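Commentary on secondary and tertiary structure
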Amino acid sequence: MVVNPEHAAVDGRKRAEGPSPRSYREVADELRARIRTGRLRAGQRMPTQAELAVEFGVERGTVRQALRILQSEHLLTNVTKGSPATVAEHIEHAFTGSEAPPQPTMVGLAPRIAAAFTAPHVEIDALCLTAVSLTLAIGEPLRRIHEGRMKPATVDVRVLLPSRDIALAFPTPVHAAADSRLHRQWLSQRNAQGQVLRHNLLALRSTHGIDVSVSFRALPFTPPVKLYLLNNNEALFAYYTLTKRDVEIDHEYLEMYDAQGTQSMLFAFEQGAGLRDTTFVEQSHVWFNSLWNTISSDLTLTA
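What this report covers is the structure whose coordinates are included nearby.

What counts, and where the lines are drawn
- Residues numbered from 1 in each chain as written.
- Predicted model: local features only at pLDDT ≥ 70, side-chain atom pairs only at ≥ 80, totals over all residues.
- Heavy atoms only, no water.
- Helix = DSSP H or I, 4+ residues; strand = E, 2+ residues; numbered from the N terminus.
- Buried < 20%, exposed > 50% of the residue type's maximum accessible area, 1.4 Å probe, protein only.
- Contact = heavy atoms within 4.5 Å.
- Areas by Shrake-Rupley, 256 points an atom, 1.4 Å probe, with all protein chains shown as cover.
- Expected span 1.5 Å × (residues − 1).
- Lys, Arg positive; Asp, Glu negative; His and termini not counted.
- Salt bridge = Lys/Arg side-chain N within 4 Å of Asp/Glu carboxyl O.
- Pairing = 2+ DSSP bridges.
- Axes fitted to C-alpha atoms, helices over the stretch in contact; angles between N-to-C directions.

**Here's the deal with the overall build of the protein chain**
- Within the protein chain, the secondary structure is distributed over seven helices and 13 strands.
- Per-residue burial for the protein chain yields a buried fraction of 44% across its 303 residues.
- Put simply, of all contacts in the protein chain between residues at least 6 apart along the chain, 71% involve residues at least 24 apart.
- Entry remark: accessible area of the protein chain is about 16000 Å², with carbon and sulfur atoms responsible for 51%.

As structure tokens, this is what we get:
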């Protein structure tokens with residue numbers, strides 16, 4: 001009988017068939033994802049190494065290697081043989097900086113915004129299509145401020161959005177000329193998100209005595225990218241990638257080209273993390289300020 005070498009061990013015993021055991025990097029990737037998405041929360045005790053070994057079908061040594069990787073990334077504390085590890089208290093700092101891998105905007109932006117709000121003077125500049133991602137991301141630091149866990153002295157936010165008076169490059173119909181219904185829908189979303197963002201931030205004045213400034217300017221073009229500049233220290237950059245999809249407007253389905261900005265992959269560049277990163281952050285500020293001070297115009301968040 002011929003034995004398949006894939007199922008034979010060096011001692012001649014036949015190996016059990018089944019999926020290959022996970023590597024320690026795969027285990028680390030899965031646990032890191034659970035921390036990012038909140039399934040494992042800051043300060044929470046992890047399952048024991050024995051429990052994780054059973055769950056992933058690996059040896060305890062493999063689990064221990066995975067936990068040490070997450071400890072080196074400042075995501076875990078108390079990684080020892082004798083007791084379960086603990087998720088770090090301030091995990092938002094672990095997901096910032098140039099060493100952080102690219103992430104979808106809705107995953108990567110919120111912890112970076114939260115980390116930015118730990119500074120005494122918060123400065124956020126944003127260039128985007130509707131401000132949906134920014135409004136959602138700022139919700140976390142606002143919650144922490146209301147809980148008394150942080151309190152910056154000042155918050156200064158500037159947002160560049162497309163003008164209501166231009167023909168948008170996207171969203172746009174696939175087979176028809178420019179459709180006013182698409183423009184109205186986009187404008188309604190842009191205005192609603194901007195109003196919520198402004199209201200929630202300005203409320204910090206009366207509720208917590210924080211000096212807040214929120215400004216909007218209108219661009220004469222559709223931005224093909226989104227950009228977030230945090231505290232003159234970090235630049236977060238993502239491409240708007242267009243896809244074809246159907247949308248229902250006035251009880252009619254319309255095929256359109258659009259970008260799902262919340263899913264755009266966000267790349268992080270940090271001041272001081274090397275010449276490339278530092279230059280990118282500095283030039284991003286120069287570019288943003290040039291748009292703000294030249295071709296942008298007053299923007300009103302009304303229909």
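What follows picks up the thread again.
**As for unusual backbone geometry**
- Residue P171 is reached from F170 by a cis peptide bond, and omega for that bond is 0 degrees.
- You can see P171 is positioned in the loop between β5 (154-162) and β6 (172-173).
- Phi at N78 is positive, roughly 60 degrees, even though this residue is not glycine.
- Residue placement: N78 occurs in the loop between β1 (76-77) and β2 (86-87).
- The backbone of N231 sits at a positive phi, close to 55 degrees, despite the residue not being glycine.
- Counting through the fold element by element, N231 comes out in the loop between β8 (225-230) and β9 (234-239).

**So, helix α6 (residues 180-208)**
- Over its 29 residues, α6 runs 42 Å from end to end, which matches the ideal 42 Å to within 8%, given 1.5 Å per residue.
- Considered for burial, the residues of α6 that qualify are R181, L182, W186, L187, R190, N191, G194, L197, L201 and L204.
- Considering only its buried residues, α6 is in contact with α5 (132-146), β5, β6, β7 (211-219), β10 (242-249) and β11 (252-259).
- Just beyond α6, the residue with positive phi is G209, at close to 70 degrees.

**Focus: the environment of V214**
- Along the chain, the position of V214 falls in strand β7.
- Separated by 56 residues in the primary sequence, V214 and R158 have C-alpha atoms spaced 5.9 Å apart.
- Beyond its immediate sequence surroundings of up to four residues, V214 is in contact with V157, R198, L201 and L202.

**Points about the side chain of K226**
- For K226, the position within the fold is in strand β8.
- Buried charge K226 goes without a salt bridge, the closest partner of opposite sign being D258 at 11 Å.
- What K226 contacts, discounting residues up to four positions off in sequence, is T105, L127, C128, S133, L236, F237, A238, Y240, G261 and T262.

**Digging into the pairing of strand β12 (residues 265-270)**
- As paired strands, strand β3 (residues 103-104) and β12 are joined by two bridges and run antiparallel to one another. Across the sheet, P104 pairs through a bridge with M265, a residue of β12.
- In the sheet, β9 pairs with β12 via four bridges, with the strands oriented antiparallel. Each bridged residue has a counterpart across the sheet, and for L236 the counterpart in β12 is A268.

**Quick look at the pattern of salt bridges**
- For the coordinates displayed, the defined rule picks out 14 salt bridges.
- With its nearest N and O atoms 2.6 Å apart, the salt bridge here joins R143 to E140. With a gap of three residues between them, R143 and E140 both fall in helix α5, about one helical turn apart.
- Put simply, E140, R143, R144, E147 and R149 are held in one network by salt bridges that share partners.

**Some words on the sheet that holds β6**
- Pairing is antiparallel across the open sheet formed by three strands, whose spatial order is β6-β11-β10. Because the sheet does not close on itself, it has two edges, and the strands there are β6 and β10.
- As paired elements, β10 and β11 share eight bridges and run antiparallel to each other. Paired with I249 across the bridge in β11 is E252.
- Docked against the sheet, α6 engages β6, β10 and β11, running at close to 95 degrees with respect to β10.

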